[in-house]
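Remarks on the overall topology
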Amino acid sequence: MQVLWQCSSVNPLEERQFRRKMKDSVAEEHLYLDFSHQYRDTIFPLHTSVSLFLLSYCDCKLFKIFLVPSGEDPDDQLVTKNFLVDLEVHLISRHQLPVVVQSCCLPAVVVKDGKFCRAGLSVVLRHIIQKTYEADPSKKDVLELLGFKKTCLKACAEVSQWTRLCEISIPLAVEEFLAASPEHCQAVPPDILQLETKLGEPVRVHNDDKIRRQKLQQQKAVAKAAVPLLGKAAASEEGKPVEMHELPSLELSIAFSKLLDKEVSDAVNREAPHIRRTKTSDLPLLDHVFAEGLYFTLADIVLLPCIHQFLVSSKNQGKNLVNLPLISSWYRRVQEVPGVKKAAGKCNMELLQLPDLTSAPKEQLQEFSSVPDELEEENEDSHFIGGPRPTMTKLMENGVEAKFSPHPCPSWTLDWTSLPSAVNPGEGKMSRDRALRKQQQLNNLVAAVTKLAKPGDVIVDFCSGGGHVGIVLAHMMPSCQVVLIENKELSLVRAKDRSDELGLNNIWFIQANLDYFNGTFNIGVALHACGVATDMVIEHCIKARAAFVISPCCYGFIQNTVKFKYPQSHQFKEILSYKEHMILCRFADQTAVQLPPERRLIGKQCMGLVDLDRAWAAEEHNYSVQVISMEPESCSPKNNMLVGIPILKGGCTLSWKHEGCYSRHACRRMENGYGMQS
């Protein structure tokens, strides 16, 4: 399950049917890549070099490729004709980009009709792999780049430290390293050392126990063979050591047997009885062969152009790589993967031949752990025992209590019977009861958005899933532009199918993580954005000075990240520690209908307090925010709704326009506010 956006899983059969459908309806796709400059054998930014390297490795010519120079006029920058041997590349200025692409960070892929865009390095690379395999199913080695269960770099960089390291941190660290003058250049960037540390960590794979037993058997066999040789050496009159040839490690045998489509020898596969009886805790750990473990994946493709540039620059500066023996071994090993040297040649990458390096002492790399120190301490502190009452009492003693603003229009509802079937969330496999609850949830969000929107507004449905909110808004408000942003491809394609059935022309679809959307908009909306995703949506809205209507979800998944620290508001920080705030978050998830009423009530109060902290944090950025309960509350166990409106010059906010709803000025709090002042 991917925590960040939705709590749903993808049915494998549905995904296969979706892939067949995509193959049958192939449309020309355009790939847009940033181009800042070319240095030696590499195009910058490194995201562009990585994308071109993958295209060369896959031998993929399914995309029309455009380089987008950082300057306004492509003619102002000279692009050499021989930087790519095998790919045709076109230049395009930034203002010529499709409008939907102009709202995204590159790289981006857009279908020719200009409505469906995929943005961000990981999303684009995964799409290239999938398209390559769909066009030629014999390229199973390309599909295997996505790893076990096809999840390599699928988790968002906002929540996955590994994706963030590969997709963002290392490319940026290498670019900064190359840009720095030699005298000001640090020896090794911390993010590179972090990768070195990751490569030294034990590997976990799906058949972990079996492979570890095979490794134990191999170790015992090597040790047994070494004993007589050592005896001969001791008895030798000249005392010369007897040379012993080690077998290739089991990990290497397994990794390259898969790459070469060969079986591991029977001698390795058969386990002796005493090996089978060995306790799991006594089995040897597995070592890294490639970036994610035993198998060559997309992560290696992403890292190779980056690490290559770092190593070339370090060599030219005469820097010692003694602290990076694992990265050096990985770099040499990747070159032996079939197709890598050929792809590097097409991209004019002259791969280095590095010598063997001895491992650096672990204490030299200890400070560069995979988790930042402050996050590690806080996450350890989050393993707590106890209930929420002491924390709630502490807040109450300081005048902070969960209260909710009155619903602006509790009886407002869409006339679902008069709407086209493709608008109705009940279309599909949703049960009747669940469809009714989804309609009730949509009534609440659509009611709030329609009170805020005006003709010409851009409304962004973040974490859109199958488009339940965005499609209703696009249908109800044809004079507004609606943008659906979701990182699950299958969900977004379903939404586009529904939109096409309705003939909607005021809707775009963007498959991307939130951080890759940088467009301007007026209103942000999200239904059940999971965990930290709610705070990311609020952050995007604040940056754009846009109103927001958000229903949070999965409070239990909230934790400190690189971008967010909890609690967020000044008032809560003065009262609660991180651990105490996490207690509220964990118990805010205790609202399921099958729980006892008293427990659900405590869960609702914890939800209100967590969202009150969010509301006050947004108010510190000149917003007016209310926490409202959806009507009826039975529509969802997660029935809170945050409505935020930016304060205009003069101290007042945008107003709720329709009769029966209220307007609110930021210069005063409502008598029935969302929380007591502390």
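The structure presented is a predicted model; accordingly, all values stated were derived computationally and were not measured.

**Considerations on unusual backbone geometry**
Between phenylalanine 44 and proline 45 the backbone carries a cis peptide bond, its omega angle lying at 5°. Mapped onto the fold, proline 45 is located in the loop between β3 (42–44) and α2 (46–58). With an omega of 10°, the peptide bond between leucine 106 and proline 107 qualifies as cis. Looking at the secondary structure, you find proline 107 in the loop between α3 (99–102) and β6 (108–111). A positive phi angle, close to 55°, is found at leucine 153, a residue other than glycine. When you line up the elements, leucine 153 lands in the loop between α5 (140–143) and α6 (161–179).

**Examining the confidence of the model for the chain**
Interpretation of the predicted coordinates at a detailed level should be avoided for regions scoring low in pLDDT. For the chain, per-residue confidence averages 81 on the pLDDT scale, and residues scoring 70 or more make up 74% of the total. When pLDDT is averaged over each element of the chain, strand β8 (residues 458–462) comes out on top at 97 and helix α16 (residues 373–381) at the bottom at 46. Across residues 363–383 the pLDDT falls below 50, and counting only partners more than four positions away or on other chains, this stretch makes 33 contacts in the model. The low-confidence segment residues 657–678, where pLDDT is below 50, has 72 contacts with residues more than four positions distant or belonging to other chains.

**As for the sheet that holds strand β14 (residues 640–646)**
The sheet built from 12 strands is open, its strands ordered β5-β4-β1-β6-β7-β10-β9-β8-β11-β12-β14-β13 with mixed pairing. Because the sheet does not close on itself, it has two edges, and the strands there are β5 (89–91) and β13 (623–629). Neighbouring strand axes in the sheet, compared pairwise and without regard to direction, differ in orientation by 20° on average. With three bridges connecting them, strand β12 (residues 547–553) and β14 associate as antiparallel partners. Opposite isoleucine 550, over in β14, you have leucine 642 as the bridge partner. Each of β8, β11 (523–530), β12 and β14 touches helix α18 (residues 432–452); the most contacted strand, β11, lies at about 155° to it.

About the thresholds
- Residues numbered from 1 in each chain as written.
- Predicted model: local features only at pLDDT ≥ 70, side-chain atom pairs only at ≥ 80, totals over all residues.
- Heavy atoms only, no water.
- Helix = DSSP H or I, 4+ residues; strand = E, 2+ residues; numbered from the N terminus.
- pLDDT = per-residue confidence, 0-100.
- Contact = heavy atoms within 4.5 Å.
- Pairing = 2+ DSSP bridges.
- Axes fitted to C-alpha atoms, helices over the stretch in contact; angles between N-to-C directions.

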